[in-house]
Amino acid sequence: MSTSFKATLALLATVFIWAYMAVVARGLVTVISPLIVLFYRLLIASVFFLPFFIKNRSWKKPYFKELILISLGSTVNLTFFLIGLKYTSASVSQLIYAAMPILILMYGRLINNEKQTPGKIAGVMLGFLGLMIIGISSALEKGETITGSLSGNIIIFIAMLGWTTYLINSKNLSKSFTPIEMGSTSVLVSFFVSIVIIIFDQFSFRSNFYLNINQFFALFYIGFAGTFLTYILYQFAIRYSSPLKVSLASYIQPVVTTIMAMFLLGEKLTFNFITGSLLIMTGVF
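Quantities reported herein were computed from a predicted structural model and do not represent experimental measurements.

Undergrad: Explanation requested: the nonpolar core in the structure shown.
TA: The tendency in soluble globular proteins is for nonpolar side chains to be buried side by side. In terms of nonpolar packing, the biggest core is built from 61 residues, with L28, F81, Y97, W163 and Y234 touching the most fellow members. Broken down by element, the residue count for this core peaks at 11 residues, all from helix α2 (residues 34-56). Here Y234 is in contact with L11, T14, W18, M100, W163, L167 and V246, once residues within four sequence places are set aside. If you look at the next biggest cluster of nonpolar residues, it comprises 11 residues, including A98, L131, F273 and I280.

Okay, here's the thing in C-alpha cells:
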C-alpha cells in the first residue's frame, strides 16, 4: 500500500469522524455554552497529546515559533466553529467549509502563481455545483439544510478561513515536524487560548461546567476521536498529499453529514440530493 493511498484513507477516515462530530456538537451547543464545549474538547485532546508533545520535544526544533503562529489558524477554526454552530445547522456549517478548495485554488494562482490544470479546475467546480444543488434544493424542499442566522453563518465562515490558513501553511512545516508533533502543538496552543477565554467567560457569564453522563460521552468523542485522532490523520494527509486534495474532502463532508442525519434524524433522501452527491463524488475523483 503506497503512502499516497494511506494518506487518502486517513483523509476519508477524518471526513466520517468529523461529519458525525458536527451532528454531536450541534446537539451539545444547544444545551451547553459553546465555550464550555470548546474547553472540554481541548482538555480531553490535550491529555492524549501531552505525552507525545513532551516525548518529541518539538519546542527544540527549528521553526517551532512558526508552528505556534500557524496553529492560531486552527484555534480560530475550533473556537468560531463551536460558537457559530449554536446559531446555525450542522449541514450548513459543512457547506460553508466546502468553499475551501476554491480559496486554495485562488491562493495558489494569485500568491504562488501556480498554474492549475483544467482537470483540477473542472473537478473543483463540478463538486461545488453538486453542493449548490444539494444546498438550494434542501432549502426549497425542507428549509432545514440552509438555515440559521446570518451572524451564525458569518462566524462559521470566519472559522473556515482560519482552517484554510492553517491548511495552506501546514504543508511547508510538515517537512520539519511529524503529524503528531503538528497536531499536539496545534491542540495545546488552542487549549491555552481556551483557558484565557473560559476565564473571561466565567467572570462575565459564569457558564455551568456540569455535565450529565450523555454529555460527557459526547464530549469525549469530540475530544478524543474528533480532535486527537483526526488531527493526526489530517496532518498525515497534509504531509503526504497536496493542500488542494486535502481540502476537497470538504466536498464530501456535507454529503456524509446529511446521510448520517438521514439515519439519525429521519431526513428523507431526494432525487436532487442523489444528483448533487454524484456530481460531488465525480468532482473529487
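Undergrad: What should I look at first to understand helix α8 (residues 179-204) in this one?
TA: Working note: α-helix, 3.6 residues per turn, so residues spaced by three or four point in the same direction. The end-to-end C-alpha distance of α8 is 37 Å, a good match for the 38 Å that 26 residues give at a rise of 1.5 Å each. Downstream of α8 by a residue or two, R206 has a phi angle that is positive, lying close to 55°.

Undergrad: Help me out: how do you make sense of the pattern of salt bridges in this one?
TA: It is possible for side chains bearing opposite charge to pair when their charged atoms get close. Under the definition given, this model contains 1 salt bridge. The shortest N-O distance in the salt bridge between E181 and K61 comes to 2.9 Å. Here the residue E181 occupies a position in helix α8, and K61 occupies one in the loop between α2 and α3 (64-85), the gap between them amounting to 120 residues. Overall, the relative accessible area of 2% leaves E181 in the buried class. The partly exposed category is assigned to K61, whose relative accessible area is 30%.

Undergrad: Would you explain the packing of aromatic side chains in this entry?
TA: The geometry of an aromatic ring pair comes down to the distance between the two centres and the angle between the two planes. Scanning the model with the defined rule gives 24 aromatic pairs in all. Summarising the aromatic geometry, the rings of Y20 and Y221 are spaced 5.1 Å apart at their centres and angled 80° between planes, so their arrangement reads as edge-to-face. Here Y20 is found in helix α1 (residues 3-29), whereas its partner Y221 is found in helix α9 (residues 213-239), with 201 residues between them in sequence. The class of Y20 is partly exposed, set by a relative accessible area of 34%. A relative accessible area of 21% places Y221 in the partly exposed class. Measuring from centroid to centroid gives 5.1 Å for W163 and Y234, while their planes differ by 35°, and the two rings are tilted.

Undergrad: Help me out: how do you make sense of the side chain of S184 in this one?
TA: Relative to the helices and strands, S184 is located in helix α8. For S184, a relative accessible area of 1% gives the class buried. A polar atom in the side chain of S184 sits 2.9 Å from the backbone oxygen of I180. Dropping the residues within four chain positions of it, S184 is found in contact with F49 and F53.

Parameters and conventions
Throughout, residues of each chain are indexed from 1 in the direction in which the sequence is written. Whole-chain, interface and lining totals are the exception, using all residues; otherwise, since this is a predicted model, local features are given only for residues with pLDDT of at least 70 and side-chain atom pairs are given and counted only at 80 or more. For side-chain calculations, the full set of non-hydrogen atoms in the structure is used, while hydrogens and water are omitted. Only buried residues count toward a nonpolar core, which is a set of Ala, Val, Leu, Ile, Met, Phe, Trp, Tyr and Cys residues joined through side-chain atoms within 4.5 Å. When accessible area is computed with a 1.4 Å probe and restricted to protein chains, residues below 20% of their type maximum are described as buried, those above 50% as exposed, and intermediate ones as partly exposed. Runs of E in the DSSP output that reach at least two residues are strands. Runs of H or I that reach at least four are helices, and both are numbered from the N terminus. By the convention used here, residues are in contact when the closest approach between their heavy atoms is within 4.5 Å. In this scheme, a helix's expected span is set at 1.5 Å multiplied by one less than its residue total. Salt bridges are identified by distance alone: a Lys or Arg side-chain nitrogen within 4 Å of an Asp or Glu carboxyl oxygen. Here a Phe, Tyr or Trp ring, Trp counted by its six-membered ring, pairs with any other such ring whose centre lies within 6.5 Å, and the pair is stacked when the planes are under 30 degrees apart, edge-to-face when over 60, and tilted otherwise. Distance and chemistry together define a polar contact, namely a pair of N or O atoms within 3.5 Å, with one atom able to donate a hydrogen and the other to accept it when in protein, and with adjacent residues in sequence counting only for side-chain atoms on both sides.

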